[in-house]
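Residues per chain, in single letters:
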Amino acid sequence: MKTITGIPGSPGIAIGKVFLYTNQNLKVPVYPIEEKEADGEMERLFEAVEKTRNDLQELKERSKKQNGEKDLEIIETHLMILDDPDLADQVRKEVSQQLVNAERALEVVISRTVEALERSADEYLKERTMDFYDVFNRVMHHLLYLERTTLYEIQHQVILVSGTLLPSEVLTLNKTYVKGFALDAGGKTSHTAILARSFEIPAVLGLVDITSQVSSGDVIIADGNEGKVIIRPDRETIEEYVTRLTKWESHEKKLLELHELPAVTTDGHRVHLRANLEIPEEVESALIHGAEGVGLYRSEFLFLKPGEIADEQEQYEAYAKVLKGMGSQLPVTVRTIDVGGDKVIPELQVSDEENPILGWRAVRFCLSRRDIFRTQLKAMLRASVHGQLRIMFPMISGIEELEDVLNELDEVKQECREQEIPFDESIQIGTMIEVPAAALISDIIAQRVDFFSIGTNDLIQYTIAVDRGNEKIAYLYQPFHPGVLRFIRMIIDSGHKAGIPVGMCGEMAGDPLSTVLLLGLGLDEFSMSPAALLEVKRIIRSVNLHEAQELVDDIMEMQSYRDINTYVRKWMNERIKFFKY
Ligand code: PEP
Ligand code: MG
């Protein structure tokens, strides 16, 4: 038995067998061969191709059974690439002329093909690069006699152990079978962690090398509350954790009693608690946990599944589903596509930017793909007749960008009027404030929009210059850094001076340790994963605004996040009874 510590990524406890997912970071060996060995190398290659063909055929059958015809097109494309005689000829030439091993020759040929595709003017061809990489990866695993695991293989309850896990992979895996995640990499506000919390899957991240410490089939305990993984636990430890799990579940059940009560302090100060959603199906959980609307619907998740670019109708249906689900009175804040960083649309973006976090993200992406942007705005306007849809723009960094997106919206509105498409003429428009420059000019931005939502996940990342997904520097990612707190205060004050409500949809809004501080700073709306709502409500209902403001006065005088963390933790522990095992 061994315990390793990481970062608590998503609360809850999972006990089960490991499914080790290991198809990342493949190292391609390079070595010279003699002329007489060339045929042998090609034989090895054909053997690997044959095995890959069998895998793909099997996958096709399984996928047909599970999803009908839906994913077949991708698999067919992969089979076509695999059987391309020209590719095989090129590899043969590379092996015999350069006298290199089959792995190296294959790598060279695939890179050349992908480069040519990227230069092509044909969008369809450009979009095939990911398919080439996928096939390459499969063949390479067989060449190296490595076992390649795929998420499709998960057919029974497991804890998924992996180096990293992309948000798009979390979306596609079968959630009824995955009881927990334990990952080498990742930070608390990475989108993988956010999705784990949304789907209520316990997760421990930043474990550094758990992938080399376990094998598939090993029993582990993933404790997402404390950020620990226990490898091959003994019977006593398992029993102890089963008891903890039962206690945790009954604590969660008890919180459900609060779901219809308002989020109001003991002296009558009312705030609103809303849900962050990634997929429309989460509405149910939002309602169970008493959400008063949606503070952030991350629409980009409609585009992140491989092979799926949602068209206008699909988007309209998704937005309408959320609006109808929430009822006509509660606001539903749909954020325009926020891709880039750790969310890459496989069909539209290739993740080859040097600084993706500072790169082609969010509105920057939308303003350079106005076709996609306008389609989305139209879908939102069409859906707006079904309830209180609010449009929110992410990553606004300045007034020019804001004017540009607002003009685009005006034009799409005009188009709807001309085509007699009904929409909500008084639709509310807001921006996320998550770029430091936007925080500094929040007084100017506030003049032009109906609401603000503070995106602390990015605001902290950009303010402290700390990559939110990098476990090596996770210790620097501090919501209570005085610089961050000053920004939050500045944004709230700017919003209030302009008479608009200020919300927060970054993970800080759902962190119980921050609740009283944010109340004291004057935050109007807290938006978070549905499962976090009731604990935050419990805290709000047990304090008064005056004491929250006093707490803010005290901590705003402090100079270090360490002191603030200690002070807030002590303050909270003295007043609030937190769940303990
Ligand atoms: C944020 O940055 O705080 C936010 C809510 O957006 P995302 O996590 O999707 O970047
Ligand atoms: Mg953000």
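Being a predicted model, the structure only gives us computed values, none of them experimental. (Residues numbered from 1 in each chain as written. Chains lettered and ligands numbered in written order. Predicted model: local features only at pLDDT ≥ 70, side-chain atom pairs only at ≥ 80, totals over all residues. Heavy atoms only, no water.)

*Asks:* Would you mind going over the overall build of the chain with me for this structure?
*Replies:* When helices and strands are counted, the chain shows 22 helices and 16 strands. Referenced to the eigenvectors of the C-alpha coordinate spread, the extents of the chain come out at roughly 85 × 70 × 45 Å. The buried share among the 581 residues of the chain stands at 55%. For the chain, long-range pairs separated by at least 24 residues make up 69% of all intrachain contacts whose partners lie at least 6 apart in sequence. Surface accessibility of the chain: about 25500 Å² in total, with carbon and sulfur atoms responsible for 50%. Computing the positive centroid from 65 side-chain charges and the negative centroid from 96, the chain places the two 5 Å apart. (Helix = DSSP H or I, 4+ residues; strand = E, 2+ residues; numbered from the N terminus. Buried < 20%, exposed > 50% of the residue type's maximum accessible area, 1.4 Å probe, protein only. Contact = heavy atoms within 4.5 Å. Areas by Shrake-Rupley, 256 points an atom, 1.4 Å probe, with all protein chains shown as cover. Lys, Arg positive; Asp, Glu negative; His and termini not counted. Charge placed at Lys NZ, Arg CZ, Asp CG, Glu CD.)

*Asks:* Which parts of the structure should I look at to understand the packing of helix 21 (residues 545-556) against helix 22 (residues 561-575)?
*Replies:* It is at 10 Å that the axes of helix 21 and helix 22 come closest, and there the two elements cross at 160°. Here helix 21 lies roughly antiparallel to helix 22, going by the angle between them. The chirality of how helix 21 crosses helix 22 is right-handed. Contacts between helix 21 and helix 22 involve Glu547, Leu551, Asp554 and Ile555 from the former and Ile564, Tyr567, Val568, Trp571 and Arg575 from the latter. Residue composition of the contact of helix 21 with helix 22, by class: six nonpolar, no polar and three charged. (Axes fitted to C-alpha atoms, helices over the stretch in contact; angles between N-to-C directions. Parallel < 35°, antiparallel > 145°, perpendicular 65-115°, else oblique. Left-handed = near helix turned anticlockwise from the far one by under 90°. Nonpolar A, V, L, I, M, F, W, Y, C, P; charged D, E, K, R; others polar.)

*Asks:* Mind showing me how you'd approach the coordination of the magnesium ion (ligand 2) here?
*Replies:* Tetrahedral coordination by four donors puts the ideal angle at the metal at 109.5 degrees, and octahedral coordination by six puts it at 90 or 180 degrees. Coordination of the magnesium ion (ligand 2) by the protein is provided by Glu434 (OE) and Asp458 (OD), with metal-donor distances spanning 2.0 to 2.1 Å. Of this pair, Glu434 sits in the loop between strand 13 (428-433) and helix 15 (436-440) while Asp458 is found in helix 17 (residues 456-464), placing the two residues 24 residues apart along the sequence. Here the two residues Glu434 and Asp458 agree in accessibility, since each one is buried. (Donors = N, O, S within 2.8 Å, 3.2 Å for Na, K, Ca; no water.)

*Asks:* Could you clarify how one ought to interpret the site of ligand 1 in this entry?
*Replies:* Close to ligand 1 lie 17 residues; His191, Arg298, Arg335, Asn457 and Arg468 are nearest. Lys343 is positioned with one of its side-chain polar atoms (N or O) 3.3 Å from an oxygen atom of ligand 1. When contributions to the shell around ligand 1 are tallied by element, the ones reaching two or more residues are helix 8 (191-198), strand 10 (294-298) and helix 17. The element best represented in the shell around ligand 1 is helix 17, accounting for three residues. (Near = heavy atom within 4 Å. Polar contact = N/O pair within 3.5 Å; in protein donor to acceptor, adjacent residues only side chain to side chain.)

*Asks:* Hey, could you run me through the domain arrangement of the chain in this one?
*Replies:* A common way to report how large an interface is uses the accessible area buried once the components associate. Domain annotation for the chain reports domain 1 (2-23 + 149-238), domain 2 (35-143) and domain 3 (270-575). Centre-to-centre separation of domain 2 and domain 3, based on C-alpha positions: 41 Å. (Domains from an automatic or database assignment.)

*Asks:* I keep staring at the pattern of salt bridges and nothing clicks. Help me out?
*Replies:* Two side chains carrying opposite charge are able to pair once their charged atoms lie near each other. Enumeration over the complete set of coordinates arrives at 40 salt bridges. Measuring nitrogen to oxygen at the nearest pair gives 3.5 Å for the salt bridge that ties Glu94 to Arg112. In this pair, Glu94 sits in helix 3 (residues 85-98) while Arg112 sits in helix 4 (residues 102-119), placing the two residues 18 residues apart along the sequence. Among the charged side chains, a salt-bridge network with shared partners connects Glu300, Arg335, Asp338, Lys343, Arg361, Asp458 and Arg468. (Salt bridge = Lys/Arg side-chain N within 4 Å of Asp/Glu carboxyl O.)

*Asks:* Where do I start with unusual backbone geometry in this structure?
*Replies:* Note: most peptide bonds trans; most residues except glycine with negative phi. Backbone geometry places Glu420, a non-glycine residue, at a positive phi of 55°. Within the secondary structure, Glu420 is located in the loop between helix 14 (399-418) and strand 13. What makes Glu420 exposed here is its relative accessible area of 70%. Even without a glycine there, the phi angle at Ala465 is positive, about 55°. A relative accessible area of 68% places Ala465 in the exposed class.

*Asks:* What is the right way to read the packing of aromatic side chains from this model?
*Replies:* Geometrically, a pair of aromatic rings is defined through the distance of the ring centres and the angle of the planes. One pass over the full model with this rule turns up three aromatic pairs. Seen in terms of ring centroids, Tyr297 and Tyr319 are 6.0 Å apart; in terms of plane orientation they differ by 75°. Their pairing is edge-to-face. Of the two residues, Tyr297 sits in strand 10 while Tyr319 sits in helix 11 (residues 312-326), which places them 22 residues apart along the sequence. For Tyr297, a relative accessible area of 0% translates into the label buried. Residue classification places Tyr319 among the buried residues on the basis of a relative accessible area of 1%. Centroid distance Trp360 to Phe365: 5.0 Å. Interplanar angle 65°. Geometry classified as edge-to-face. Residue class for Phe365 comes out buried when judged on its relative accessible area of 0%. In this structure, Lys175 packs its charged tip against the face of Phe199, placed 4.9 Å from the ring centre. (Phe/Tyr/Trp six-rings, centres within 6.5 Å; stacked < 30°, edge-to-face > 60°. Lys NZ or Arg CZ within 6 Å of the ring centre and 35° of its normal.)

*Asks:* Before we go on, may I ask you to explain helix 17 in this structure?
*Replies:* A turn of α-helix holds 3.6 residues, and therefore any two residues three or four places apart point the same way. Most of helix 17 is tucked away, with eight of its nine residues classed as buried. Every buried residue belonging to helix 17 is among Thr456, Asn457, Asp458, Leu459, Ile460, Gln461, Tyr462 and Ile464, and all of these are buried. Contacts made by the buried residues of helix 17 are with helix 8, strand 10, helix 15, strand 14 (451-454), helix 18 (482-497) and strand 15 (502-504). Downstream of helix 17 by one or two residues, Ala465 has phi in the positive range, about 55°.

*Asks:* I keep staring at helix 21 and nothing clicks. Help me out?
*Replies:* Taking 1.5 Å per residue as the helical rise, helix 21 with its twelve residues ought to reach 16 Å, and the 16 Å between its terminal C-alpha atoms agrees with that figure. The complete set of buried residues in helix 21 reads Leu545, Glu547, Ala548, Leu551, Val552, Ile555 and Met556. If you follow the buried residues of helix 21, they end up packed against helix 18, helix 19 (515-521) and helix 22. The backbone nitrogen of His546 lies 3.0 Å from a side-chain oxygen of the residue at the head of helix 21, namely Asn544. (Expected span 1.5 Å × (residues − 1).)

*Asks:* What should I look at first to understand the sheet that holds strand 2 (residues 7-10) in this one?
*Replies:* In sheet architecture, strand pairing relies on hydrogen bonds along the backbone and comes in two forms, parallel and antiparallel. Judged by pairing direction, the sheet is mixed, and its eight strands sit side by side in the order 1-8-7-3-4-5-6-2 without closing on themselves. The open sheet terminates on both sides in strands that have one partner only, identified here as strand 1 (2-5) and strand 2. Neighbour to neighbour, the strand axes of the sheet diverge by 30° on average, direction disregarded. Judged from the two bridges that link them, strand 5 (residues 178-183) and strand 6 (residues 203-205) form a sheet pairing that is parallel. Paired with Ala182 across the strands is Val204, a residue of strand 6. The strands touched by helix 8 within the sheet are strand 2, strand 5 and strand 6, with strand 2 carrying the most contacts at an inclination of about 55°. (Pairing = 2+ DSSP bridges.)

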